[in-house]
Structures are given as C-alpha cells and as structure tokens.
Amino acid sequence: MAPKRRPETQKIPELVVRPKSKRNRSPGEPEPEAKHLCVKRPGSSRRFGSSCPREGLARLQVPPPCSCFLRALHRHRLGQSAPPALQQIGAGGSITGMKFNPLNANQFFTSSMEGTTRLQDFKGNTLRVFTSSTTCNLWYCSLDVSAQSRVVVTGDNLGNVILLNMDGKELWNLKIHKRKVTHVALHPSCDWFLATASVDQTVKIWDLRQIKGKSSFLYSLPHRQGVNAASFSPDGARLLTTDQKSEIRVYSASQWDSPPSLIPHPHRHFQHLTPIKASWHPRHNLIVVGRYPDPNFENCTPYELRTIDMFDGSSGKMMYQLYDPESNGIISLSEFSPMGDTLASVMGYHVLIWSQDDAGR
C-alpha cells in the first residue's frame, strides 16, 4: 500500500527572527557562544520578547530548565574555567558519529572517516579501538551504544554492520546493506532491537539475537531516496527517518506495515554538506530539523530562509521556526539537551546554543 501524503496545513507558522546585534562584529571577532531561542506559535497575536523561550516552551509543558550546561558556558566566558580541549584528528578524519559513554560521562565513542571506531576521554586519550581499517577505501559512518547489553554497534561505507562488546570483542560482522550505512540506532527500551539506515534507499529493522545474514531482517522500509538517519522516539513507540531530499517519515513501531506519516521538508543533500538529520525532543512529541531551501520544492518561496524547523510528531504540523540573521548557514544537525530546554545546532564550523539564559543580552 503506497504511503499517503498528509494534506498541507492551512496556517503557516510565523517566523520569529532574532534581531541583529546593535553593533557589527569585526571580521576577526568570534561569533557569540549562545543564541536566543525565539519562537512563535501559529496564530499568536504578539511576538515573544526576551522571555519568549520560557513562555513559548511553557505552553508545551516543558519542565523547569536545567541550566548547568549554560552556567558552564557562562563561567568559561568569565574566565573561571576552561573547556576541555580534544586532540584533533586532522584532514580527512571527519567525525561521523559520537555517543557519550553511558557508563562513564567523561568518555565518549566516535566513528570517523579516519577508519576507526574508538573510545576516548576529554584529554584526547584513546582508551580503546573497537574497529580499525587498513585501507583508505573503508571508513565508519555511524555508531550506537547500549549500557544495558554493554554493546557497541557501528556501520561502514560498504554496507557492513559490526557488533562488539564493551571490551572490544567482535560478536559479528555482516554485510546487511548494499551501500553505505548512514545510521544505526538501538531501541531505548528493547536494546536488542536495531534500526539501520542506508543510501541504498532502505531502513531495516533487526533483532540482534537472530541476525544470521542480510536476509534476516524483521522489516524493510523502502524510501524514494537514500536515507540519512533513522532514530527511535524516546519512548520507543515510533521511528523517525530523514531521506536525502525532501521527506521526513514517522513510522509506528507497533505497525511497521502501515503507511508512515509523511512530512514534506526541503533538506537536499550534496557531497560537501554534513547530512541533514531530523531528531526528537527528549520529552515531547516534537521533531527538529534544519531547512535547506530548494527552488524545486513544491512550496518554496522566494528568498526562503535557512531556518530550524520544529514539527508536531503526530500531525506533521509546523510548530516553530528559529532563525538568527547573524548565522545564516545551513543547519545540518540539531539536538536538544536531555531536559529539552536547550538546543544545540551545528552549522559548518560553528555550534549554536539556543538557550533561555541569555535573555538579558
């Protein structure tokens, strides 16, 4: 049964733009480390002022903000503490995936085009190498970690997925996709449940306890384009996928064979752009994704902005758009903090922090 497209919403959310700063920065001056989170609900009669994040998100019943991360940024600006410096890999060593170690908050796992999947600390030390390529034609594109099962899963550019335990012992290594595995995701509750996404235009669902080869998947979800990401919702009830052109899908984990909810959205891919990936809010039914306006997209308007878009995960309705005129690049990745009160967005060499703490600036 062909997937059904949702009807276009009648109301378009009004864009709220953060005003430009009163002075122009000199060419050598770094960008501000934090940005305002300015949002407006569709149909709202006024623009939220300096307190717009607190008022706007309060309507979604977001719990009181946890600002320890923002306080750390503030202390750094005042020179009271220095952030940890990580050793750089160098040219050709782009990081393709990163997960904090769920067993040790001072460590993190990375996959990279350098050809490794490794565990590191914030001093730049490599604690363990899980996978390593001996050829420049193979590299690792994605990873995930389970604290409960104590396993690491990683995918490479040739369609292979490797499962290892925390000690680095390889449990299996199988070619389960025809092309690059762009994303691997373990279910938040049933961590034997694995979703893999690939540029071969499929997302596949696996039972780690029963994988025997490329045909042992539980479900295969075909897409019209290559797929950048597939991630489970925090409650594990749905699966969010992002293709490489103009479609976001939301599947029900209890009815994989049913047509997914479709959200038309421009985020086309090209070689030198970090793949755009939609992600979930950790506590609410919201989806966040960066917009890359496409003149061939059905509803494209002249001079459309490169915003950060937030959708209702059930209806597909646009809820908010965020934009900063001083940072008008393409937002490839956006992730909420665990409490959901802070949004970090990646744009080229810059990380933008959309927060509530800088309302007075």
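Residues numbered from 1 in each chain as written. Predicted model: local features only at pLDDT ≥ 70, side-chain atom pairs only at ≥ 80, totals over all residues. Heavy atoms only, no water.

Selection criterion: UniProt positions are given in the numbering used here, feature names are shortened, and annotations may be inferred rather than shown by experiment.
For the protein chain, the name recorded in an unreviewed UniProt entry is DNA damage-binding protein 2, with Erinaceus europaeus as its organism. Reading the Sequence similarities (unreviewed entry) entry of the UniProt record for the protein chain gives the comment "Belongs to the WD repeat DDB2/WDR76 family." UniProt, in its Subcellular location (unreviewed entry) section for the protein chain, records the words "Nucleus".

### Topic: the overall build of the protein chain
Rules: The helix count covers DSSP runs of H or I at least four residues long, the strand count covers runs of E at least two residues long, and both are numbered beginning at the N terminus. Throughout, exposure labels follow a simple rule: accessible area from a 1.4 Å probe, protein chains only, divided by the maximum for the residue type, with under 20% read as buried, over 50% as exposed, and the rest as partly exposed. Here, two residues are considered to be in contact whenever any of their heavy atoms come within 4.5 Å of each other. Accessibility throughout is a Shrake-Rupley quantity obtained with a 1.4 Å probe, and a residue counts as covered only by protein chains that appear here.
In terms of helices and strands, the protein chain carries two helices and 25 strands. Looking at the protein chain residue by residue over its 361 residues, the buried ones come to 49%. Considering only contacts within the protein chain whose residues lie at least 6 apart along the sequence, 46% involve residues at least 24 apart. Approximately 18,500 Å² of the protein chain is accessible, and the part contributed by carbon and sulfur atoms is 51%.

### Things to note about the sheet that holds strand β16 (residues 238-243)
The pairing of strands in a sheet happens through backbone hydrogen bonds and is either parallel or antiparallel. Just so we agree on the cut-off: In this scheme, strands are said to pair when DSSP sees at least two bridges between them. Axis geometry follows a simple rule: fit a line to the C-alpha atoms, using only the stretch in contact for helices, then measure angles between N-to-C directions, giving values from 0 to 180 degrees.
Reading across the sheet, the four strands line up as β15-β16-β17-β18 and stay open at both edges, with antiparallel pairing between neighbours. Unpaired on one side and paired on the other, β15 (227-232) and β18 (261-264) mark the two borders of the sheet. With direction set aside, neighbouring strand axes in the sheet form an average angle of 15 degrees.

### Observations regarding the sheet that holds strand β13 (residues 202-207)
Read across the open sheet, the four strands follow the order β11-β12-β13-β14; overall the sheet is antiparallel. Each of the sheet's edge strands pairs with one partner strand only, and the pair in question is β11 (181-186) and β14 (219-222). Each strand axis lies, on average, 15 degrees off the axis of its neighbour in the sheet, ignoring direction. When β13 meets β14, the two strands line up antiparallel, connected through four bridges. When the sheet's bridge partners are listed, I205 is paired in β14 with Y219.

### Here we look at empty space enclosed by the protein
Selection criterion: In this analysis the probe radius is 1.4 Å and the grid spacing 1 Å, with only protein atoms considered; a cavity is a set of points the probe fits into but cannot get out of, a pocket is an open set with protein on both sides within 12 Å along at least five of seven lines, and lining residues have an atom within 4 Å of a point. Grid points are joined across faces, edges and corners, and a volume is the space filled by probe spheres set on the points.
Evaluated as defined, the whole model comprises one cavity of 30 Å³ or more. The volume enclosed by the largest cavity comes to roughly 30 Å³. Around the largest cavity, the lining residues are R306, I308, L322, Y323, D324, S327, I331, L352 and W354. Elements with a contribution of two residues or more to the lining of the largest cavity: β22 (318-323) and β25 (350-355).

### Structural notes on a nonpolar patch on the surface
Just so we agree on the cut-off: What goes into a patch is any residue over 30% in relative accessible area without a salt bridge, connected to like charges within 9 Å or, for nonpolar side chains (Val, Leu, Ile, Met, Phe, Trp, Tyr), within 5 Å. Whenever Lys or Arg places a side-chain nitrogen within 4 Å of a carboxyl oxygen from Asp or Glu, that contact is recorded as a salt bridge.
Taken together, the side chains of I95, M98 and F100 present a nonpolar region at the surface, about 310 Å² in accessible area. With respect to the helices and strands, I95 occurs in strand β3 (residues 95-100).

### Section: the environment of D235
The following threshold applies: Polar contact is the term for a pair of N or O atoms within 3.5 Å; when the atoms are in protein, one must be able to donate a hydrogen and the other to accept it, and sequence-neighboring residues count only if both atoms are side-chain atoms.
Tracing the chain through its elements places D235 in the loop between β15 and β16. With 46 residues separating them in the primary sequence, D235 and S189 have C-alpha atoms 7.8 Å apart. Among the polar contacts made by the side chain of D235, one reaches the side chain of S233 at a distance of 2.5 Å. Engagement of the side chain of D235 in a polar contact is seen with the backbone nitrogen of A237, the distance being 3.0 Å.

### Concerning the confidence of the model for the protein chain
The test is simple: Confidence per residue, as judged by the predictor, is encoded in pLDDT with a range of 0 to 100.
Chain-level statistics for the protein chain give a pLDDT mean of 78 and a share of 73% at 70 or above. Every residue in residues 1-12 scores below 50 in pLDDT, and together they form 17 contacts with partners more than four places removed in sequence or on other chains. Note that residues 21-79 has pLDDT below 50 and, in this model, 117 contacts with residues that lie over four places away or in other chains.

### Examining the pattern of salt bridges
Summed over all chains, the structure comprises seven salt bridges. A salt bridge links R118 to E114; the shortest N-O distance between them is 3.1 Å. A residue is classified by how much of its surface remains accessible, and R118, at 15% relative accessible area, is buried. Residue E114 is classed as partly exposed on the basis of its relative accessible area of 38%. As a salt-bridge pair, D309 and R291 come within 2.6 Å of each other at their nearest N and O atoms. Here D309, found in strand β21 (residues 308-312), pairs with R291, found in the loop between β20 (286-290) and β21; they are 18 residues apart in sequence, far enough to count as distant. A residue is classified by how much of its surface remains accessible, and D309, at 0% relative accessible area, is buried. The network of salt bridges with shared partners includes R224, E247 and R249.

### A word on unusual backbone geometry
For residues other than glycine, phi is negative in most cases, and the peptide bonds are mostly trans. Non-glycine residue Q201 carries a positive phi angle of around 75 degrees. Position of Q201 among the secondary structure elements: in the loop between β12 (193-198) and β13. Residue classification places Q201 among the partly exposed positions, given a relative accessible area of 34%.

### Structural notes on the pairing of β21
For β21, the buried fraction is high: four of the five residues fall into the buried class. Two strands pair when backbone bridges link them, and β21 and β22 are joined in this way by four bridges, in the antiparallel orientation. Across the sheet, F311 pairs through a bridge with M318, a residue of β22. Counted along the chain from β21 to the antiparallel partner β22, the turn is five residues long, and its residue G316 has a positive phi close to 80 degrees.

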